[in-house]
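So the chains spell out like this:
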Amino acid sequence: MSTERLFSVRNAWFTTSVTTVVVIAVAAALAGFIWLPRLQTNARIAGVWDAICSAAGVLRPAPATEQIVQANYRTTSVVLAPRMLRNASAESIGRGATLALRCTMCHGARGLSQANSPNLAGQYPIVIYKQLQDFRSGARASAVMAPLVTDLSDQDMQDLAAYYAYLPRLPGYHPASAGPAPRIVVSGAPMRNIAPCGACHGGLDNKTGSAWLEGQPAIYLQAQLRAFASGMRHNDISEQMRNIARQMTPAEISAAALYYGSQP
Amino acid sequence: MLNSRRLILAHFWLAFAGFGLALLLGEWQMFIRSPLHAWIGDPEWYYRSVTVHGTAMAYVFPTLVAMGFGYTITEAALKRPLVGIRCAWLGFGLVAVGTVTAVVPVVLGLASVLYTFYPPLIGNPFYYIGVVLVVVGSWIWVALMSINLYLWKRDNPGRPVPLAMFANVAGSYLWAWTAVGAAIELLFQILPVALGITSTIDAGLARVFFSWTLHAIVYFWLMPTYIAYYTIVPRAIGGRLFSDPMARLSFALFLVVAMPIGVHHLFMDPQVGSGFKFMHSVFTALVALPTLLTVFTICASVEIAGRLRGGKGVFGWLTALPWRNPIMLAVAFSFVMLGFGGAGGLVNMSYQLDTTIHNTQWITGHFHLIFGGAIVIMYFAIAYDIWPHLTGRALVSFRLMRAQLWTWFIGMIVLSFPWHYVGILGMPRRMAFYDFTDPAIAPQAIPVMMSVAGGAILVISGMLFLAILIRGQRAPRITPDEYRFSVAVHEPRTVPLALNGFGLWLSLMVGLTVVNYGFPIVHLMSMPGTAVPAVIVGAGR
């Protein structure tokens, strides 16, 4: 036994086990990479090499005969990461305060609107930054905002975001309390693929890029949800809000808007 | 000859304490999601609980059982003291510290990412560091198993390695290689993001690495159970092991075919090509080979026991079996659950059939039936079998043990069969809230409530198990005989070189891993623009 060598062609255990494994692997590969792909009538597989590449998961260009549908509107090009624009410097906030003078007409002297424009005081910086970018690129259309952002640099937008994020979230004008949180805010509607509003927008949790909604004007929130539902507004990343708003009933839209509008 | 009793007991007690707590969480999760309880209003609590339940049950509990049982086998089968007892305590300490490190951020709501991590979800770094510590602690055990076997072989040249030790070391090697996938994912993908060094992650690649671990880890959990089938059951019921080489071959085959199959968890993932999915499907099917070998050998061994006890005829030996012996009961229940679970698994591993039940409660039902049922019930049997040898005190009440095993079996069936059923109806898994007022899913309310009842039976059974062990710690002292393993019908005097070591099987395991995972990993790593921004859990709090 001591003279027996394991890794040797003379050892039947070695030859049998390796042969068996190789035969199974090769047979599985032949079936999975050549035979099965070529049975697919809809996969547009040209030859053996094409079948192998397809089954291996190599990206292939779409066939030239097929039209690629392009949206006839701009979508956002902003990429958000969780730790973006945190810890702004005092200089940045100061510059933002100066730049913000031109925003006061609608958004209030300290970022609290009396005109059903969004309250910006205490909003997450990446939310403000992203909207400014989208207004400039045209991903979000607004006759009022578009001329105001055309001459803003990237740094200006970061400064504005830093300034508004720095302002305290003071309660502005609030109508009477809308009562307990509606079902759509706490539970969503799983059967229609609607996550709870609160899972991203505060109440339960906050997710990167989701706006702080509590205390925003209900009319504004309602208008935005309707715009998402109709496709008028289309600057949400990966269509997240459009997919949600489209599934919401008008009653759910107004319930959610009223609830968030009445929160301190 | 068990010298390291305190070490082994520490492993088992920590394992079972974690099991007891996680069991309660599991039942709570089912209860609050069911129509029996109003919606708790905040999914966060549910996901915290699932994360702790999964982390404790999947990483900590079976790993500690395998480690403790491994040390028992090393001393009892090799009949010599464990080498490296200090390192063993260090490994235990790492697992214990790692568990606490991982659980604290989850409880604080900073890492509700579930035990499968789900990147681009990213939690608090301490959660992942804790899991890494648990794995590092278990790798110390792997090294010790290997060293102890090596030293024994050096002193006993040419002698066959005792079957229990052969199987034990096979399990440890399987775990060492299995854990590499998740370790790469944690160290090179998730932790850099969690620590704030990078902000994006290639979630598709991370899922491929995790699948490397995710399926073979199940066979690592299974190893103590299979070792118990082969080396405890025949002895405990007064029979003989039908075939020693067949047992060795099963464990060797597990090494080879358990690894290159994890992509069947990614059948719905677009980043892996269909050819590789098919290959993994084929190798998953091959797991039937060692499984059926085991079913045959154990049934034959049990039949030997039945015939030695005077059973006659085609089925007469069944009635002659010692059904009042808890080990007999456990192995029977284990086989029934393995049968149903395995049949369900055939659906999961099939590329086409899987589409129906992928990510539904069917999957939850499947792995609870296999792991929580077939595997864990044998962990109970192992504990009952070695407890007197560890504590020097007798476990007196067979009645309690039988009641515990019966309730576990019934509870697991009542829990998991309705889950399979609602899974076929399309009920998704891992959701915090189901709106049972919706007519589309209202009919699922009854099976869901049945599952909750099954879970309640499991809680009773689990508590009974802990009570039996605690009672055993306070029973009158005895002097147990030497701990023995099963004897084969033909005890091997020599075994083929291939079945006395792992060189051949480990080479095939690594080779097949490279064949089945090499291209998908290299391909995904070389593809530009696949990283997505991480989603930090609990960032808003």
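Here the residue numbers are simple positions, counted from 1 along each chain's written sequence. Chains and ligands are labelled by the order in which they are written, letters from A for the one and numbers from 1 for the other. In keeping with the model being predicted, local features are shown solely for residues with a pLDDT of at least 70 and side-chain atom pairs are shown and tallied solely at 80 or more, while totals for entire chains, interfaces and linings include all residues.

Draft legend 1. Molecular detail of the interface of chain A and chain B. Facing 35 residues of chain A, the contacting portion of chain B comprises 45 residues. Labels follow the DSSP assignment, with helices taken as runs of H or I lasting at least four residues and strands as runs of E lasting at least two, numbered in each case from the N terminus. Elements supplying a minimum of two residues to the side of chain A that touches chain B: helix H1 (12–39) and helix H2 (48–56) of chain A. Looking at the side of chain A that touches chain B, the element that brings in the most residues is H1(A), giving 12 residues. Once C-beta atoms are placed from the backbone, any two residues with those atoms within 7 Å are in contact.

Draft legend 2. Quick look at the domain arrangement of chain A. The start and end points of each domain follow an automatic or database-based domain assignment. For chain A, the domain assignment lists domain 1 (1–69), domain 2 (90–166) and domain 3 (183–261). Once you take the C-alpha centre of each, domain 1 of chain A and domain 3 of chain A turn out to be 47 Å apart.

Draft legend 3. Quick peek at the nonpolar core. Ranked by internal contacts, the top residues of the largest apolar core, which has 190 residues, are Leu174(B), Leu255(B), Ile377(B) and Phe380(B). Those residues in contact with Leu255(B), other than ones at most four positions away along the chain, are Ala170(B), Tyr173(B), Leu174(B), Phe502(B), Trp505(B), Leu506(B) and Met509(B). Listed in part, the 40 residues of the second largest apolar core include Val127(A), Ala181(A), Val186(A) and Ala256(A). Think of a nonpolar core as buried Ala, Val, Leu, Ile, Met, Phe, Trp, Tyr and Cys residues, each tied to the set through C-beta atoms within 7 Å. Each residue is classified by how many other C-beta atoms fall within 10 Å of its C-beta atom, where C-beta atoms are placed from the backbone; a count of 20 or more means buried, 12 or fewer means exposed, and values in between mean partly exposed.

Draft legend 4. Structural view of the packing of helix H14 (residues 361–391) of chain B against helix H16 (residues 445–473) of chain B. All names here are of chain B. All axes are obtained by fitting lines to C-alpha atoms, using only the stretch in contact for helices, and the reported angles, taken between N-to-C directions, cover 0 to 180 degrees. Running from N to C, H14 and H16 cross one another at 10°; their axes reach a closest spacing of 10 Å. Accordingly, the angle class assigned to the pair H14 and H16 is roughly parallel. Facing H14, whose interface residues are Phe380, Ala383, Trp387 and Thr391, H16 presents Phe465, Leu469, Gly472 and Gln473. Under the convention adopted here, Pro, Cys and the residues Ala, Val, Leu, Ile, Met, Phe, Trp and Tyr are nonpolar, Asp, Glu, Lys and Arg are charged, and Gly plus all remaining residues are polar. Looking at side-chain class alone, the contact of H14 with H16 contains five nonpolar, three polar and no charged residues. Angle categories: roughly parallel below 35 degrees, roughly antiparallel above 145, roughly perpendicular from 65 to 115, and oblique for all the rest.

Draft legend 5. Fine view of unusual backbone geometry. Of note, the amide linkage connecting Pro119(B) to Pro120(B) takes the cis form, showing an omega dihedral of 10°. If you trace the backbone, Pro120(B) turns up in the loop between helix H3 (85–107) and strand S1 (121–122). Phi is positive for Ser238(A), close to 55°, though the residue is something other than glycine. For Ser238(A), the location among the structural elements is in the loop between helix H10 (218–230) and helix H11 (240–247).

Draft legend 6. Highlighting the environment of Tyr220(A). Residue and element names in this part refer to chain A. Assignment of secondary structure puts Tyr220 in helix H10. A count of 18 C-beta atoms within 10 Å places Tyr220 in the partly exposed class. Measuring from C-alpha to C-alpha, the distance between Tyr220 and Ser117 comes to 6.6 Å, with 103 residues separating the pair along the chain. When sequence neighbours within four positions are dropped, the list of residues in contact with Tyr220 reads Asn116, Ser117 and Pro118.

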